[in-house]
Amino acid sequence: MRKLLLDKVDVEGIKSYDVYRREGGYRSVEKALKMSPDEILEEVKTSGLRGRGGAGFPTGLKWSFLAKPEGVPRYLLCNADESEPGTFKDRYLMEKIPHLLIEGMIASSFALGANSSYIYIRGEYMFVMKIVENAIAEAYANGWLGKNIQGSGYDLDLTITCGAGAYICGEETALIESLEGNRGNPRIKPPFPAVEGLWQRPSVVNNVETIAAVVPIINDGGEEYAKIGVGRSTGTKLISASGNIVNPGVYEIDMNMTVEEFIYSDKFLGGIKNGKKLKACVPGGSSVPILPHYLVTKTAKGEDRLMSYEGLADGGFATGSMLGSGGFIVYDEDQCIVRNTYNFTRFYQHESCGQCSPCREGTGWMKKVLHNIETGKGTMDDIDLLWDIQKNIEGNTICPLGDAAAWPVAAAIRHFREEFEWHVTNPELSQTQNYGLVAEKTFEVEPA
Amino acid sequence: MSAEATKNITFPKELLDEVARLTAQYPEGKQKSALLRILHMAQAHFGWLDAPVMDYVARLLHLQPIEVYEVATFYSMYDTKKPGLVKLEVCQTGPCSIEGADKIIRYIEKKLNIKVGETTSDGIFTLKGVECLGACGYAPMLQCGHQYHEHLTEAKVDELIEQYHKNPKANYMEY
Ligand SMILES: Cc1cc2nc3c(=O)[nH]c(=O)nc-3n(C[C@H](O)[C@H](O)[C@H](O)COP(=O)(O)O)c2cc1C
Ligand code: SF4
Ligand code: FES
């Protein structure tokens, strides 16, 4: 498979403008500046590109919603907050090939008619911010940013700014609040950012990888881009792979690949470490449902599962999960699902901004109950209680962090209930031993 | 706050120039957008964000002190309580946890004779448990200053602690 984003990362010096340009960098900007914004929008629509930040919303459609009132500035905001546990692809891209993001920002800003654009990067990535900031300075020095870019008459200022440790600032309206210098409290929608975003002006928020993908889309055309992948999962996808595997790291894949190949091929994850067995997988960052071993490589229908949006979601939440942010976390047979669920819940409780009571109180309560079960002090009723709490959070909050906290708990109970029960009935043993693999269940599959 | 304390709290010229550069990146009247970054600068320069430092930042940006306090207390990277000179921030989230972060945390606790959240009696090391830092594939890991230390082992931790003990400001970058 031809890589579209990471094909040049191993070229020596590719971080620098000179090498990047020599390798064909900034061609998409040259091409874009000769097109009309609407033509670029059409290419992006044709490409089928979907947002790589987690929700998978079609990028062309999102761009077409941007309000364009006369005389009001509009903004492209790049979401480089990357805080979803299991996700580290944006960092990799920005660290290895920062000019690709800048090139994508220029072409995309031109298409949206933005003359000021911002990259919001998480504060912990200060060392990455310095790399991108250097690259921005190089782009200014070479006439790709600033006034009258390459003699086209188009002006663009690009600024990178940082957060300071808050997962919630990855949520687009919290990101905007934070960019305004405020606490990262999500806003109630509507109004959507496309109408009232940064400083109440129309704004598009896109993930780093989404913006980088605009470069090959303009270079090769949307149609070529759409030929890669499968169905509505077009193009390539960056996957951050972590957990108990032989080769953790960032991979650019064709979404037409099977999960089986991705996990077990030596070209990718190289299988489970230390000859252990696969126990479970969280395929799209901590927020998405966990899959038990028998639903990872196969769907409930027994078909090969694909590494695509539709493939990972096959079976819905009953037997499937989501591609999410592409944070692919693999668990071996020695891992404890109760402990992991507690760990993720602690994370969401810590990161809740506290505006809505179901999220603020619910995550704290779930954390306490999970801690009790994990340490052998839980009861069978606690398991049902957990189920009820998560149900009461889901869908009842201002922003999707509530859902993100509820789903991992729901999926863990759905697929690993016997492991939770074992903790309750074996309070001592469960402190020194692990439950191992859960038994395979069969599911009623609805006829196609 | 004493007049003496106020007098000492000023950025040197280079940092004031940097404040001017950062605020100029935003449209007229929207200079508050530079607040988060300037708070990072203040923390790196003054050690932590006590009230006089936050008041100083408020004056620089023409904000009410409360506007700075509410931001400083929202974000976990800001220290509104005095930490040790060296903060060891070990990622404790799922992917790191299943790859040995818990053992590393226990090891550091034993070695420095402190618990997570505490500072050594000589005021040098603070141990913190933090959430996913985007290094899950290189677990276990910790952040110290602006540096990520990945693929941690006990031996690597020993080395790091020795190195930071000698030079607490190794790996610090100005913002
Ligand atoms: C709690 C929460 C955290 C999020 N974190 C991120 C993030 O770190 N990076 C990101 O690109 N999107 C994140 N998102 C999704 C953004 O809200 C937004 O949908 C995305 O940046 C849009 O870009 P895309 O269409 O290119 O995917 C998060 C959403 C929620 C609810
Ligand atoms: S769901 Fe949670 S994080 Fe989102 S706005 Fe409500 S309290 Fe804040
Ligand atoms: S879980 Fe530790 S860096 Fe992501």
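**Student:** Just to check I follow, could you spell out the sheet that holds strand β4 (residues 203-207) of chain A for this structure?
**Tutor:** In sheet architecture, strand pairing relies on hydrogen bonds along the backbone and comes in two forms, parallel and antiparallel. Residues and elements named next belong to chain A. Read across the open sheet, the four strands follow the order β3-β2-β1-β4; overall the sheet is parallel. Either end of the sheet is taken by a strand with one partner, and the two such strands are β3 (157-162) and β4. Going from strand to strand, the sheet's axes swing by 20° on average, the running direction of each strand aside. The pairing of strand β2 (residues 116-121) with β3 spans six bridges and is classified as parallel. Its bridge partner lying in β3, Ser116 is registered against Asp157. Its contacts with the sheet place helix α9 (residues 208-220) against β1 (75-80) and β4, and it is angled at close to 90° to β4.

**Student:** How should I be thinking about unusual backbone geometry in this particular structure?
**Tutor:** Most peptide bonds adopt trans geometry, and most residues besides glycine take a negative phi value. A cis amide bond links Lys189(A) with the next residue in sequence, Pro190(A), at an omega value of -10°. By the secondary structure assignment, Pro190(A) is in the loop between α8 (172-179) and β4. For the peptide bond that leads from Ala139(B) to Pro140(B), omega is -10°, which places it in the cis range. Along the polypeptide, Pro140(B) turns up in the loop between β2 (125-130) and β3 (142-144). Look at Trp199(A): it is not a glycine, yet its phi comes out positive at around 50°. If you trace the backbone, Trp199(A) turns up in the loop between α8 and β4. Residue Asn274(A) is not a glycine yet carries a positive backbone phi of 55°.

**Student:** Teacher, can you tell me more about the interface of chain A and chain B here?
**Tutor:** Listed as interface residues are 60 residues of chain A and, on the opposing side, 42 residues of chain B. Here chain A and chain B share an interface that buries about 4000 Å² over both sides, 55% of which is from carbon and sulfur atoms. Of all residues in chain A, the largest losses of buried area upon contact with chain B belong to Ala164(A), Arg183(A) and Trp199(A), amounting jointly to 15% of the total for that side. Counting across the chain A and chain B interface gives six salt bridges. Taking the shortest distance from any N to any O, the salt bridge between Lys273(A) and Glu99(B) comes out at 2.6 Å.

Reading the values: rules and limits
Residues numbered from 1 in each chain as written. Chains lettered and ligands numbered in written order. Predicted model: local features only at pLDDT ≥ 70, side-chain atom pairs only at ≥ 80, totals over all residues. Heavy atoms only, no water. Pairing = 2+ DSSP bridges. Helix = DSSP H or I, 4+ residues; strand = E, 2+ residues; numbered from the N terminus. Axes fitted to C-alpha atoms, helices over the stretch in contact; angles between N-to-C directions. Contact = heavy atoms within 4.5 Å. Buried area = accessible area lost by both parts, 1.4 Å probe. Salt bridge = Lys/Arg side-chain N within 4 Å of Asp/Glu carboxyl O.

By themselves, these figures tell us nothing about what the structure is for.
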